[in-house]
Amino acid sequence: MLISAVTVLILLLALGAAGLERLFRKITRREARIALRLKIADVLRGRNTEEALQEVGALMGAHFGVARTGYGQLDPVEDIFHYDICWTDGTAPPLLGRYPAKAFGSKIVAALKNGLTIVIDDLHLSHLSDDIRLRADAISVDTRAILVVPFIRDGRLQTIVYLNDRRPRAWQSDDTAFMEEIAERTRLVIERAAVEEQLRELNATLEGRVEARTKELRDAQEALLHSQKLEAIGQLVSGMAHDFNNVLAAVVGAYDLILRRPDDLERVRRYAQGGLDAAERGAKLTAQLLAFARAQRIQLQPLLVCDVIRPLHNLLSRTLGPMIALDFQLNPDPVPVLADATQLEMMVLNLAINARDAMPQGGRLVISTQVRTITDDREIADGDYVEIMVRDSGTGMDEVTCRRAMEPFFTTKAVGKGTGLGLAQIYGSARQAGGTVRLESMLGEGTTVRVLLPCTTRQPLAALPATASSLVADVAALKILLVDDDDSVRTIVAGALENHGHHVVEANDGANALAILADQAFDIAIIDFAMPGMNGAELADRIAKQWPSVPVMFASGFADTDAIDSVMGSNAVMLRKPFRIDEMLAAIDRLLTSRSLDSVA
């Protein structure tokens, strides 16, 4: 220890005052750089890239005592430097924005692209700056000393970190080494940020590609659905054409036979009945299509299912034929449901016909009703439901057919034998009533269809009392305003009403009807809906406001009942074309009776 102390003392005496000052300055600078390394390491840890580099730039500027520090990135495609990180001491303007690389001198940029650190003590004297074209808004004209370290990645210049000073400066080798060390420390942060940006761009591109691919798949799916729709429409048109041709053949044949033998009253009566039966089949087919399309109003009213199904026994027996045993097992204690009686009839008829077709060699068809309590069902609400079960002993269906059986237009029947709307329409009607349809079938073991309709506490409408019915019966004749733009329909309906003793005034549009109403009083107005100019709903609205005592009944084949509901509400009285004369007279009777009871109440 004594020798070491003596040795140190001798060295200090040999250095003298100037040497000691340089030694202490060197030690201080080394300690300062050690502290700066630690500070930079702390800054680069846990910060976002831009904030970290901004603070490192400030630390570098303060340590080296320069006027400006910062980072720039080179766009290799446009050969433009993009500067977004810059610190200044206030004496030099910040270097921010986009600048062509050539503005900083071709020799300097070439050297940087080769991975060389640029060290210039005085730009005015350096051979590297003899072709530099400095711009006042890029690097100030009085910048004299620069130190620039390049970052090379994948063989290309990516980023630079720079020091600028307004005065000439003799850069020391340890300045350059330390600056390159700092640059290396920040390189990883910059590259990480670049990778993250590339990932963001890749994600954005990937999202775009996924979206484009999804659109292609969506377009392809829509094209497929459109193709399937066209195929389904073709099947529908084929089946409907066959069915309607049969209807028209019967109607045309009946009228042709009547014209040939008008004097044979018995034949005329028989042919007329045949024509009417055929026309009613056509009307039911149209009603089925409209119900399937949800265009025809489903009139939900409290009713007893048994009261609707029981009268169908004789019709079903004739339809099924002698080879099929029909077994009705109806609930002796029926509970009311909210349903449409017409749709309910069609449900049972369609299911019975399907069952008949599934039993070509004969069999047994059971139609039963019972009340079931449903809970935790994925499709319908908890509660009590009336189950209408139709079970046959026919050929049954395989799993694939059973799964598709309720799809619109799907049918296993031959062309012209079915449209594939039966089960789809039944399901649609049940869902509109708040219920559903369940299908069970096994190949060779028959099929069971269960229609579930929600029970209601509302009681079915009772028959009108005799005193109420007599209110209409006592009226010898009614004065009726008939509004329809179809001349043939208007003439036939007017003739039928007049044959029953009523006085009819005709109008071919809404404006004409209003003019007539202004001059005459009427007991009832029967209005078509789809008419040119003022439609039936608009006319009914005008009548309700100007002549509220005149009840209105719609007699229309128009499918969009929502348009009527929007004006008249869901209680509008609708007689759907085509209709029998007795149906029209009964509807008039119900409407007037209802109005009479309301006035009495």
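These remarks concern the structure in this document. What you see as residue numbers is a count from 1 along each chain, following the sequence as written. Residue-level local features of this predicted model are given only where pLDDT is at least 70; pairs of side-chain atoms are given and counted only at 80 or more, and the full residue set underlies all totals for whole chains, interfaces and linings. Side-chain numbers here rest on the full set of heavy atoms in the structure, without hydrogens or water.

Moving on, we come to the nonpolar core. Core analysis: the largest hydrophobic core is formed by 38 residues, its most contacted members being L316, L365, I367, V451 and L453. Here the element with the most residues in this core is helix α8 (residues 341-357); it accounts for seven residues. Residues contacting I367, with those up to four places away along its chain left out, are I309, L316, L326, D327, F328, Q329, L330, V348, M389 and V390. Buried Ala, Val, Leu, Ile, Met, Phe, Trp, Tyr and Cys residues form a nonpolar core when they are joined through side-chain atoms within 4.5 Å. Throughout this description, buried means an accessible area under 20% of the type-specific maximum (1.4 Å probe, protein chains only), exposed means over 50%, and partly exposed covers the range between. In this structure, F64, V66, F151 and W171 belong to the second largest nonpolar core, which totals 24 residues. Labels follow the DSSP assignment, with helices taken as runs of H or I lasting at least four residues and strands as runs of E lasting at least two, numbered in each case from the N terminus. What makes two residues a contact is simply this: any of their non-hydrogen atoms within 4.5 Å.

Below, the discussion takes up the packing of aromatic side chains. Two rings from Phe, Tyr or Trp (for Trp, the six-membered ring) form a pair when their centres are within 6.5 Å of each other. A pair whose planes differ by under 30 degrees is stacked, one over 60 is edge-to-face, and the rest are tilted. As enumerated under the stated definition, the model contains four aromatic pairs in all. Their ring planes at 55° and their centres at 6.0 Å tell us that Y83 and Y99 sit as a pair that is tilted. Taken together, the positions of Y83 in strand β2 (residues 80-88) and Y99 in strand β3 (residues 97-100) put the pair 16 residues apart, joining distant regions of the chain. Accessibility expressed as a relative area gives 4% for Y83, which makes it buried. Grouping aromatic residues by their ring pairs yields a cluster made of F81, Y83, Y99 and Y162. Here, a charge over a ring is recorded when the distance from Lys NZ or Arg CZ to the ring centre is within 6 Å and its angle to the ring normal is within 35 degrees. Lying across the ring of F522, K479 places its NZ or CZ 5.1 Å from the centre.

Another aspect to go through is the environment of L320. Positionally, L320 belongs in helix α7 (residues 313-320). Take L320: its relative accessible area is 7%, and that puts it in the buried class. For L320 and M359, which are 39 residues apart along the polypeptide, the C-alpha to C-alpha distance reads 9.7 Å. If near-sequence neighbours (up to four positions away) are discounted, L320 is found in contact with L326, A352, R356 and L365.

Attention now moves to the pattern of salt bridges. Pairing between side chains becomes possible if they bear opposite charge and their charged atoms approach one another. Definition used for salt bridges: Asp or Glu carboxyl oxygen within 4 Å of a side-chain nitrogen of Lys or Arg. For the structure on display, the rule yields 18 salt bridges. Residues R364 and D327 are paired through a salt bridge, measuring 2.5 Å at the closest nitrogen-oxygen approach. Of this pair, R364 sits in strand β10 (residues 363-374) while D327 sits in strand β8 (residues 324-329); the two residues are 37 residues apart in sequence, bridging distant segments of the chain. For R364, a relative accessible area of 42% puts it in the partly exposed group. Residues participating in the shared-partner salt-bridge network are R372, E387, E440 and R450.

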